[in-house]
Amino acid sequence: MQHLPLFADIRDRDCLIVGGGRMAERRVALLGRAGANITVIAVKPSGGIERLADEKAIGLLRRPFASEPLDRYWLIVAATDDRELNAEVAAAAKGAKRLCNVVDDAELSTFIMPAIVDHDPVTIAVSSGGKSPVLARWVKGVIETTLPVRLGELASLAGRWRERVKQALPDLDRRRRFWHAMLEGEVARHMLAGRGERSEAALGKALSAWRDGEAATQTPGEAWLVGAGPGSPDLITLRGRQLLAHADVVLYDRLVSDRILEYARREGELICVGKSPRSPSITQAQVNSLLVRLVASGKRVCRLKGGDPMIFGRGGEEMQALAEAGLPFQVVPGVSAVEGCAAYAGIPLTLRGVSRAVLITTGHSDDGNASDLASFRPGQTLALYMGVAQLAAIGAALIDNGHDPETPAAIIENGTMDEQRVVRTTLGRLGEVREKLGVAAPALLIVGETTRCAERYNWFNPRAFERLDDPGNTLAQVS
Ligand SMILES: C[S@@+](CC[C@H](N)C(=O)[O-])C[C@H]1O[C@@H](n2cnc3c(N)ncnc32)[C@H](O)[C@@H]1O
């Protein structure tokens, strides 16, 4: 390890920045956030630095750096674009035995600035030892996506209670176990869901129980109805992923991919409750009662559903069952198939001057759901879930309702996944698609003028676009 990681308290300590450009401005902002007393030496300071000096937030010396005593400074940063001058500053700092960072020059620096994940008061510093700042920033991004948004609030709560907990639980080992239980349980869950007051109340109640020796009381279970998104594993929300990682039991649907299930906690139990349209499978009533039973027994259950739990996901029925049983639950939205498929096929759902409304429905009935289709009008976009088996009936119903047989349509199969396939066609030829191209579920049908954009904007999945353009491919015959 070439660099010792440490977190320095530089509040009200004198720090010097030499340079007045963009890099210097960034260092001023960073040291300013840490409460340093900053002086900048620059011949041509940027507007931002001038403004801070006018506001008396920093001291500004508008002159060149000269060999000058540096003893009063705790830290020195050389941030000019002149390497010789930076080296001169570094040498002067070395002579004064002061730590010096030279921007973009690990060789000349006695300390380097890490990439920072800032969830104040939790701070994570990432360094590549000056070898690759871009890599360090990438690692920072990866860490950012795994941390809860309200982590800092949770840490602040722990800070506020630290002394009280110490008084109530003097034994260090017991105190450690207490904090573990709080950060794994209800207190953290409430805080991370933005329910600060409930979190604080739960902490107070738990502390009394621990102090009075009643800590063994069972924690209540909770259900989390989480949308897993349309398929691609990176389309689950941050919150969904975090809850999945905490659940004791995961009840998941058939369309949830294995790669998303990998986010579940290793000790968690995974139970598939997917329904299959063509084979006998678990009923919704059975899913509801399993969910209620598990939560009532104190389990934290992640009910993981494809897309969004509230769009053709039966989330409403499960919420009702939980509410009737008096059990707590949360709903975490997901990217629904209509949003995922449209985005990854380059189809705007609304488009100024082309489509100003979206009708979302299902084609899951023998007549292709003709009664709902009757409300679809030109100037709108129609999105149909579960309609693959009824494509012919849907096309016929829409034409019967007066739509032009040349109205464009797109069928997106396995939307957002590596295997995504987009078939463009028209209402008049919708019936041929299934037979000629073997389109299979899961697939979503989008009808309306905006589907024409797919040809122009299908940038996300070039493979699908290639197929479309390939003259020897049957897709081209249909579209
Ligand atoms: C029972 S519904 C569940 C919808 C889900 N709750 C949502 O919000 O996307 C299943 C239907 O969603 C559509 N669907 C789900 N994932 C899809 C995907 N990756 N590509 C295309 N259609 C999809 C299909 O029409 C499929 O038959």
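Predicted model only: the values in this text are computed from it and were never measured. (Residues numbered from 1 in each chain as written. Predicted model: local features only at pLDDT ≥ 70, side-chain atom pairs only at ≥ 80, totals over all residues.)

1. Topic: the overall build of the protein chain
Then step 1. Scanning the protein chain for helices and strands turns up 19 helices and 17 strands.
Then step 2. Over its C-alpha atoms the protein chain spans a radius of gyration of 30 Å, topping by over 25% the 23 Å that the globule rule assigns to 479 residues.
Then step 3. Overall size of the protein chain, expressed as C-alpha extent along the three principal axes, is 90 × 65 × 40 Å.
Then step 4. Residues classed as buried in the protein chain amount to 37% of the 479 residues present.
Then step 5. Of all intrachain contacts in the protein chain linking residues separated by at least 6 positions in sequence, the fraction that spans at least 24 positions is 61%. (Helix = DSSP H or I, 4+ residues; strand = E, 2+ residues; numbered from the N terminus. Rg over C-alpha atoms; globule rule 2.2 N^0.38 Å. Buried ≥ 20, exposed ≤ 12 C-beta atoms within 10 Å, placed from the backbone. Contact = placed C-beta atoms within 7 Å.)

2. Quick notes on the packing of helix H5 (residues 151-168) against helix H8 (residues 196-211)
Then step 1. Between H5 and H8, whose axes approach to 11 Å, the crossing angle comes to 25°. Classified by the angle between their axes, H5 and H8 sit roughly parallel to one another. In this structure, the crossing between H5 and H8 has a hand that is right-handed. Counting all contacts with H5, which are made through Glu153, Leu157, Trp161, Val165 and Ala168, the residues of H8 involved are Gly196, Ser199, Glu200, Leu203, Leu207 and Arg211.
Then step 2. Here the residues of the contact of H5 with H8 sort into six nonpolar, two polar and three charged. (Axes fitted to C-alpha atoms, helices over the stretch in contact; angles between N-to-C directions. Parallel < 35°, antiparallel > 145°, perpendicular 65-115°, else oblique. Left-handed = near helix turned anticlockwise from the far one by under 90°. Nonpolar A, V, L, I, M, F, W, Y, C, P; charged D, E, K, R; others polar.)

3. Section: the site of the ligand
Then step 1. The full set close to the ligand counts 24 residues, and Gly307, Gly313, Ser336, Ala337 and Gly415 are the nearest of them.
Then step 2. Listing elements by their share of the shell around the ligand, those giving two or more residues are helix H13 (337-344) and strand S17 (443-447).
Then step 3. In the shell around the ligand, the residues fall into 14 nonpolar, eight polar and two charged.
Then step 4. Two domains each donate at least three residues to the shell around the ligand, and these are domain 3 (222-334) and domain 4 (339-478). (Near = placed C-beta within 6 Å. Domains from an automatic or database assignment.)

4. Thoughts on the nonpolar core
Side chains that are nonpolar tend, in soluble globular proteins, to be buried together.
Then step 1. Counting residues in hydrophobic clusters, the biggest one holds 34 residues, and the most contacted among them are Ile394, Ala410, Leu444, Leu445 and Ile446.
Then step 2. Sorting the residues of this core by element identifies H13, strand S14 (381-385), helix H15 (391-400), strand S15 (408-413), strand S16 (421-426), helix H16 (430-437) and S17 as the ones contributing at least two each. (Core = buried A, V, L, I, M, F, W, Y, C linked by C-beta atoms within 7 Å.)

5. Side note on the sheet that holds strand S10 (residues 269-272)
Then step 1. An order of S10-S9-S11-S8-S12 is seen for the five strands of this open sheet, with the pairing classed as parallel. Since the sheet does not close on itself, it has two edges, and those belong to S10 and strand S12 (329-332), each with one partner. The mean inter-strand angle of the sheet, taken between neighbouring strand axes irrespective of direction, is 20°.
Then step 2. By the bridge criterion, six bridges tie strand S8 (residues 222-227) to strand S11 (residues 300-305) in an arrangement that is parallel. Bridge pairing links alanine 223 to valine 301 in S11.
Then step 3. Where helix H9 (residues 238-246) meets the sheet, it contacts S8, strand S9 (249-252), S11 and S12, and its direction lies at approximately 140° from that of S8.
Then step 4. Each of S8, S9 and S11 is contacted by helix H11 (residues 284-296), which is oriented at about 150° to S11, the strand it contacts most. (Pairing = 2+ DSSP bridges.)

6. Digging into the packing of H11 against helix H12 (residues 315-324)
Then step 1. Across the interface, H11 lies against H12 with an axial gap of 9 Å and an inter-helix angle of 45°. By the angle class used here, H11 and H12 are oblique. Crossing of H11 against H12: the hand is right-handed. Residues Gln284, Asn288, Leu291, Val292 and Val295 of H11 lie in contact with H12, whose contacting residues are Glu317, Glu318, Ala321 and Leu322.
Then step 2. Across the contact of H11 with H12, the residue classes tally to five nonpolar, two polar and two charged.

7. Regarding the confidence of the model for the protein chain
Then step 1. Of the residues in the protein chain, 91% have a pLDDT of 70 or more, and the chain-wide mean is 89.
Then step 2. Ignoring residues within four places in sequence, the model shows residues 465-479, a span with pLDDT below 50, making 25 contacts including any to other chains. (pLDDT = per-residue confidence, 0-100.)

8. Details of helix H2 (residues 47-54)
Then step 1. When H2 is considered as a whole, its buried residues turn out to be Ile49, Leu52 and Ala53. The buried side chains of H2 occupy one side of the element, clustering within an arc of 100° when seen end-on. Turned more than 90 degrees away from the buried face of H2 sit Gly47, Arg51 and Asp54, all of them exposed.
Then step 2. Those residues of H2 that are buried are in contact with helix H1 (22-33), strand S2 (37-41) and strand S3 (59-61). (Arc of directions from axis to C-beta.)

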